[in-house]
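Structural characterization, general
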Amino acid sequence: MYRDPAIRSSDITPESVYVNRRALLRGLGALGVGALLSACGVSTSPAQDDQPSPAANAGLRDELGDPANTFAQITNYNNFYEFTTDKEAVARRAANFVTQPWTVEVTGMVRNPRIFAIEDILQMFDQEERIYRLRCVEGWSMVIPWQGFPLHKLLALVEPTAQAQYVRFETLYDSDQMPGQRDRYFPWPYAEGLRIDEAMHDLTILSTGLYGRTLLPQNGAPLRLVVPWKYGFKSIKSIVKIELTDTMPVSLWMAVAPHEYGFYANVNPDVPHPRWSQATERRIGEMGRRKTLPFNGYAEQVAVLYAGMDLRKHY
Ligand SMILES: Nc1nc2c(c(=O)[nH]1)N[C@H]1C(S)=C(S)[C@@H](COP(=O)(O)O)O[C@H]1N2
Ligand SMILES: [Mo]
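Residues numbered from 1 in each chain as written. Chains lettered and ligands numbered in written order. Predicted model: local features only at pLDDT ≥ 70, side-chain atom pairs only at ≥ 80, totals over all residues. Heavy atoms only, no water.

Let us look at helix α6 (residues 151-158). Turning to α6, its buried residues are L151, L154, L155 and V158. All buried residues of α6 project into a common sector of 100 degrees when viewed along the axis, lining one side. Of the residues trailing α6, E159 is marked for its positive phi of about 55 degrees. (Buried < 20%, exposed > 50% of the residue type's maximum accessible area, 1.4 Å probe, protein only. Helix = DSSP H or I, 4+ residues; strand = E, 2+ residues; numbered from the N terminus. Arc of directions from axis to C-beta.)

The subject of this paragraph is the nonpolar core. Counting residues in each nonpolar core, the largest one holds 81 residues, and the members touching the most others are L154, F169, L206, L225, W229 and I242. Ranked by the residues each element gives to this core, the list is headed by strand β4 (residues 140-150), at six residues. With residues near it in sequence (within four places) discarded, I242 still touches V104, E105, V106, T107, L154, V167, R168, F169 and L206. (Core = buried A, V, L, I, M, F, W, Y, C linked by side-chain atoms within 4.5 Å. Contact = heavy atoms within 4.5 Å.)

So, about the pairing of strand β3 (residues 128-135). Residues in a regular strand point their side chains to alternate faces of the sheet. Among the eight residues in β3, six count as buried, and that is most of the element. As defined by bridge partners, β3 adjoins β4 across eight bridges and the pair is classed as antiparallel. Bridge pairing links R133 to V143 in β4. Following β3, the chain reverses through four residues before pairing antiparallel with β4; G139 in that reversal takes a positive phi of roughly 105 degrees. (Pairing = 2+ DSSP bridges.)

With that out of the way, let us pick up the packing of aromatic side chains. As enumerated under the stated definition, the model contains 18 aromatic pairs in all. Ring geometry for Y81 and W253: centres 5.6 Å apart, planes at 75 degrees, overall edge-to-face. Placement of Y81 in the loop between α3 (71-74) and α4 (90-94) and of W253 in helix α8 (residues 252-256) is noted, with a sequence separation of 172 residues between them. When its relative accessible area of 21% is taken as the criterion, Y81 is described as partly exposed. Look at W253 and you get buried, because its relative accessible area is 15%. Look at F125 and F149: their rings are 4.4 Å apart centre to centre, the planes differ by 10 degrees, and that puts the pair in the stacked class. You can see F125 sitting in the loop between α5 (118-124) and β3 and its partner F149 sitting in strand β4, a full 24 residues away along the chain. Pairwise contacts between aromatic rings join Y81, Y185, F186, W188, F233, W253 and Y261 into one cluster. (Phe/Tyr/Trp six-rings, centres within 6.5 Å; stacked < 30°, edge-to-face > 60°.)

Right, let's get into the UniProt feature "binding site: Mo-molybdopterin" (unreviewed entry) in the chain. Mapped onto this numbering, the UniProt entry gives "binding site: Mo-molybdopterin" (unreviewed entry) at N78, Y81, E82, C136, T171, N219, R224, S235, I236 and K237. For N219, the location among the structural elements is in the loop between β8 (213-214) and β9 (224-226). What N219 contacts, discounting residues up to four positions off in sequence, is I74, T75, N78, L210, R224 and K237. Positionally, K237 belongs in the loop between β9 and β10 (239-245). Overall, the relative accessible area of 9% leaves K237 in the buried class. With near-sequence residues (within four places) excluded, K237 lies in contact with N78, N79, F80, T171, Q218, N219, G220, L223 and R224. (UniProt positions renumbered as here; feature names shortened; annotations may be inferred.)

As a structural note, the neighbourhood of ligand 1 is formed by 18 residues, with N78, Y81, E82, S235 and K237 the closest of them. Y81 is positioned such that a nitrogen or oxygen atom in its backbone is 2.8 Å from an oxygen atom of ligand 1. For ligand 1, an oxygen atom lies 2.9 Å from a polar atom in the side chain of R224. Split by residue class, the shell around ligand 1 holds eight nonpolar, seven polar and three charged. (Near = heavy atom within 4 Å. Polar contact = N/O pair within 3.5 Å; in protein donor to acceptor, adjacent residues only side chain to side chain. Nonpolar A, V, L, I, M, F, W, Y, C, P; charged D, E, K, R; others polar.)

One can find S251 in the loop between β10 and α8. A relative accessible area of 2% places S251 in the buried class. At 3.1 Å, the side chain of S251 forms a polar contact with the backbone nitrogen of M254. When near neighbours in sequence (up to four residues on either side) are disregarded, S251 contacts A191 and E192.

What follows deals with the pairing of β4. The buried fraction of β4 amounts to eleven of the eleven residues, a majority that puts the element mostly inside the structure. Judged from the two bridges that link them, β4 and strand β11 (residues 280-283) form a sheet pairing that is parallel. Opposite W140, over in β11, you have R282 as the bridge partner. Strand direction decides the pairing type here: β4 and strand β7 (residues 205-210), joined by five bridges, are antiparallel. Residue pairing for β7: G148 is matched across the bridge by S207.

Our next topic: the sheet that holds strand β1 (residues 103-108). Spatially, β2-β1-β10-β5-β6 is the arrangement adopted by the five strands of the open sheet, whose pairing is mixed. At either end of the open sheet lies a strand with only one pairing partner, and these are β2 (114-117) and β6 (191-195). Strand-to-strand twist of the sheet, defined as the mean angle between neighbouring strand axes without regard to direction, takes the value 15 degrees. Sheet contacts for α6: β1, β2, β5 (166-171) and β10; angle to β2, the most-contacted strand, approximately 135 degrees. (Axes fitted to C-alpha atoms, helices over the stretch in contact; angles between N-to-C directions.)

And the structure:
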């Protein structure tokens, strides 16, 4: 179980810095002078890693009014099996993960296959803030203020062909850096997939940071997927390859336990995991449990994608 570390007084200032920085960025957006400022040498790119981390949650809430989890919670309770299956040890084990240089290959059924350097990705797409709930299939959840950009913006650049019906994502394979990949039980590298309409949905983002800071290794640096209406395992970390295809991708979890983890993995309180109920969840930092919402609270935006589908069959 995660325990909140004691808050030091030295952590108080950074919170106000973060809030002020957000206000500044909002102001810039409203005035549309972001480009002008860049030309003047004022950077609007994500903060560097030497910036102190926010102390509490900077007063942030999601659209349902739920307060954001703290930076400490989000960066010290993680699932990233490439490093360890111990959620509270991922941060330490991943600390020296090398994310530079880093490239992302976007290929398959596209007109313009392309290899992006991570610097290009950061520079080409405006980094938006998206405060999303993350619901792990294990029954815990958090609220995370991501920075990132919609996946559809990247896909538009490579121009998927008419045959492309799915998108497949792959994590880096490097068992020297990721000792968990020596565990022969799993078919590494970690892979995930989305239907093309899910991938094109505006809620689906590629994230590059959170709380105004560059993504840390434990959260999937330098680039990870975030699909907020699906169980957390769909939000694949440290992506090196994105492939457009006409065949439904087999994710790592589908390969390991197909009866427990399906392709869709939409958050659904009415469909229990074979070994536990999905009706409730434990929000990290809260006592007790809260009710799990259909599509993790995003039904209004995404239920239409699954009209006419039997969501018990397509779990
Ligand atoms: N490559 C990779 N991506 C992954 C995982 C993983 O083990 N390896 N775990 C998934 C699971 S189960 C969850 S709940 C989320 C957790 O993201 P977070 O640690 O940033 O909260 O990452 C997902 N992405
Ligand atoms: Mo998860």
